Amino acid sequence: MGGASSLGGGVPGGESAIPSLEAGGAVGGAFTAGAGGSDTAGEGGVAGAGEGGADSDPDKNRDQVADDLGNLVDTNQDAVADPIDINRDGKLDGVGIDTNGDGVADALALDPDCDGFYEASDTDGDGKPNFWSTLKPVGDTTNCTLPDLRW
């Protein structure tokens, strides 16, 4: 399995790189999580050991998150991904992902190219990617913007 890489920076443009939250704090969109584990990004921004390649499936569990970044979290098992307040300002910021396999969301899933697939994650709450998937390249980011999470 490949690994995530740590790169900073934002994405210029128009659309948001995270989905909007529905009323009541639930994140829109159901998902199906499959069985099995995945390599997850940790300190230093790299996960896994370089197996696979461009032909590899970046999302074997079909949760729309690159497997080297982590997995969606659904603690109440309602088939709706749990949101996260990554910058701890009391407002939900978007879809949370579990990067270390403990079942708790600890990063904000980001979709820098607005294609509906999460290729990056924010772990420090600034709204910018700290980790980028090496399993799925990011497409054109011209019309996609990352969230402004400044307090």
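Residues numbered from 1 in each chain as written. Predicted model: local features only at pLDDT ≥ 70, side-chain atom pairs only at ≥ 80, totals over all residues. Heavy atoms only, no water.

Asks: Report on the overall build of the chain, specifying residues and quantitative values.
Replies: Per the secondary structure count, the chain includes zero helices and eight strands. Evaluated residue by residue, the chain yields a buried proportion of 43% over its 151 residues. By sequence separation, contacts in the chain at least 24 residues apart represent 61% of the contacts at least 6 residues apart. Here the chain has roughly 7400 Å² of accessible surface; of this, 49% comes from carbon and sulfur atoms. (Helix = DSSP H or I, 4+ residues; strand = E, 2+ residues; numbered from the N terminus. Buried < 20%, exposed > 50% of the residue type's maximum accessible area, 1.4 Å probe, protein only. Contact = heavy atoms within 4.5 Å. Areas by Shrake-Rupley, 256 points an atom, 1.4 Å probe, with all protein chains shown as cover.)

Asks: Hey, could you go over the environment of D63 for me, with residue numbers and the actual values?
Replies: Relative to the helices and strands, D63 is located in the loop between β1 (15–16) and β2 (71–72). Spatially, the C-alpha atom of D63 lies 9.2 Å from that of Y118, the residues being 55 residues apart in sequence. A polar side-chain atom of D63 sits 3.0 Å from the main-chain amide nitrogen of V65. Looking at D63, its side chain comes within polar contact range of the main-chain nitrogen of L72, at 3.0 Å. (Polar contact = N/O pair within 3.5 Å; in protein donor to acceptor, adjacent residues only side chain to side chain.)

Asks: Pulling in residues and values, what's your account of the pairing of strand β4 (residues 94–98)?
Replies: Burial within β4 is extensive, with five of its five residues counted as buried. One ladder, built from two bridges, connects β2 with β4; its direction is antiparallel. Residue pairing for β4: L72 is matched across the bridge by I97. Relative to β4, strand β3 (residues 83–84) is paired through two bridges, and the arrangement is antiparallel. When the bridges of β4 are listed, I84 appears paired with G94. (Pairing = 2+ DSSP bridges.)

Asks: Quick one: what's the story with the side chain of N130, residue by residue and with numbers?
Replies: Note that N130 resides in the loop between β6 (120–122) and β7 (131–132). Among the polar contacts listed, one links the side chain of N130 to the side chain of D124, at a separation of 3.1 Å.

Asks: An account of the nonpolar core is needed here, citing residue identities and associated values.
Replies: Formed by V65, A66, L69, L72, A81, V95, I97, A107, A109, F117, Y118 and F131, the largest nonpolar core amounts to twelve residues. Within the residue set of this core, elements represented by two or more residues are β4 and β5 (107–110). By size, the runner-up hydrophobic cluster in this structure holds eight residues, among which are L108, A120, L146 and L149. (Core = buried A, V, L, I, M, F, W, Y, C linked by side-chain atoms within 4.5 Å.)

Asks: Break down the side chain of E119 for me, with residues and values.
Replies: Assignment of secondary structure puts E119 in the loop between β5 and β6. Within polar-contact distance, the side chain of E119 engages the side chain of K136 at 2.8 Å.

Asks: Quick one: what's the story with the environment of L135, residue by residue and with numbers?
Replies: Looking at where L135 falls in the secondary structure, it is placed in the loop between β7 and β8 (144–145). When its relative accessible area of 10% is taken as the criterion, L135 is described as buried.

As far as function goes, none of this settles anything; it's purely spatial.
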